[in-house]
Amino acid sequence: MRPDAELRLPVDPAFVSVLRATAVSMAARLNFTVDDIEDLRMAVSEAAGLVLPEQPAESSDLLCEFYFGTDKMSVRVSARSESPAPVDQSDFAWQVLSALTVDASTVIESDTLAVTFSVQSTATS
């Protein structure tokens with residue numbers, strides 16, 4: 001499935017703020033509440049922190065794909081690594097991400113670690 005929006009950034013923690021700002025802007029345009037937007041901002045930070053590799057693969061990007069639904073946004077954050085490791089689901093970052101989202105999952109595909117999650121808007125029409 002093709003994402004509704006996609007952002008590619010250098011694999012560098014300094015660019016996570018750009019990723020957060022982009023996600024927040026899109027959520028605001030989808031009429032998410034202020035609390036929903038704050039949860040999304042924190043979820044994006046945690047997901048990016050989980051996938052940022054200690055040893056990035058050559059010419060790797062931090063890739064974020066956004067999928068929009070009715071009152072819902074799904075986000076997939078991924079990065080290529082020399083040796084991607086599974087996410088420890090007892091890790092604090094994973095616990096925060098899981099608490100802030102409707103669902104969250106991880107997958108390792110070849111040399112890429114991806115974290116996918118969804119957030120639901122609580123705005124009433």
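Above this text you will find the structure in question.
Residues numbered from 1 in each chain as written. Predicted model: local features only at pLDDT ≥ 70, side-chain atom pairs only at ≥ 80, totals over all residues. Heavy atoms only, no water.

(A) View of the packing of helix α2 (residues 34–51) against helix α3 (residues 92–100). One can describe the packing of α2 onto α3 by two numbers: an axis separation of 9 Å at closest approach and a directional angle of 145 degrees. Handedness of the α2/α3 crossing: left-handed. Only Ala93, Trp94, Val96, Leu97 and Leu100 of α3 make contact with α2, whose side of the interface consists of Asp39, Met42, Ala43, Glu46 and Leu50. Among the residues making up the contact of α2 with α3, the classes are represented as eight nonpolar, no polar and two charged. (Axes fitted to C-alpha atoms, helices over the stretch in contact; angles between N-to-C directions. Helix = DSSP H or I, 4+ residues; strand = E, 2+ residues; numbered from the N terminus. Left-handed = near helix turned anticlockwise from the far one by under 90°. Contact = heavy atoms within 4.5 Å. Nonpolar A, V, L, I, M, F, W, Y, C, P; charged D, E, K, R; others polar.)

(B) Main features of the pattern of salt bridges. Scanning the entire structure with this criterion turns up six salt bridges. For arginine 8, the salt bridge is made with glutamate 6, and the minimal N-O distance between the two is 3.5 Å. Owing to a relative accessible area of 43%, glutamate 6 belongs among the partly exposed residues under this scheme. With a shortest N-O distance of 2.8 Å, arginine 76 and glutamate 109 are connected by a salt bridge. Of this pair, arginine 76 sits in strand β3 (residues 72–80) while glutamate 109 sits in strand β4 (residues 103–109), placing them 33 residues apart in sequence. By relative accessible area, which is 42% here, glutamate 109 ends up partly exposed. Through salt bridges that share partners, Glu6, Arg8 and Asp61 make up one connected network. (Salt bridge = Lys/Arg side-chain N within 4 Å of Asp/Glu carboxyl O. Buried < 20%, exposed > 50% of the residue type's maximum accessible area, 1.4 Å probe, protein only.)

(C) Here's a closer look at the sheet that holds strand β1 (residues 5–10). Spatially, five strands are ordered β1-β2-β3-β5-β4 in an open sheet, and the strand pairing comes out antiparallel. Edge strands, defined here as strands with exactly one partner in the open sheet, are β1 and β4. Taking the axes of each pair of neighbouring strands and ignoring which way they run, one obtains an average angle of 15 degrees across the sheet. When β3 meets strand β5 (residues 112–120), the two strands line up antiparallel, connected through nine bridges. Paired with serine 74 across the bridge in β5 is serine 118. Of the strands in this sheet, β1, β2 (61–69) and β3 touch helix α1 (residues 16–29), which is tilted by about 10 degrees from β2. Contacts from α2 reach β2, β3 and β5 within the one sheet, and its direction differs from that of β5 by about 170 degrees. (Pairing = 2+ DSSP bridges.)

(D) Just α1, in detail. Between its first and last C-alpha atoms α1 spans 20 Å; for 14 residues at 1.5 Å apiece the expected length is 20 Å, and the two agree. Considered for burial, the residues of α1 that qualify are Val16, Leu19, Ala23, Met26 and Ala27. One side of α1 holds all its buried residues, which, seen down the axis, span an arc of 100 degrees. In the segment just after α1, asparagine 31 is the residue with positive phi, at about 65 degrees. (Expected span 1.5 Å × (residues − 1). Arc of directions from axis to C-beta.)

(E) Region of interest: the nonpolar core. Ranked by internal contacts, the top residues of the largest apolar core, which has 35 residues, are Leu19, Leu40, Leu62, Met73, Val77 and Phe117. Secondary-structure elements contributing two or more residues to this core are β1, α1, α2, β2, β3, α3 and β5. The element that contributes the greatest number of residues to this core is α2, accounting for eight residues. Setting aside anything within four residues of it in sequence, one finds leucine 19 in contact with Leu7, Leu9, Val44, Ala48, Leu62, Cys64, Phe66 and Val77. (Core = buried A, V, L, I, M, F, W, Y, C linked by side-chain atoms within 4.5 Å.)

These results come straight from atomic positions and should not be treated as a statement about function.
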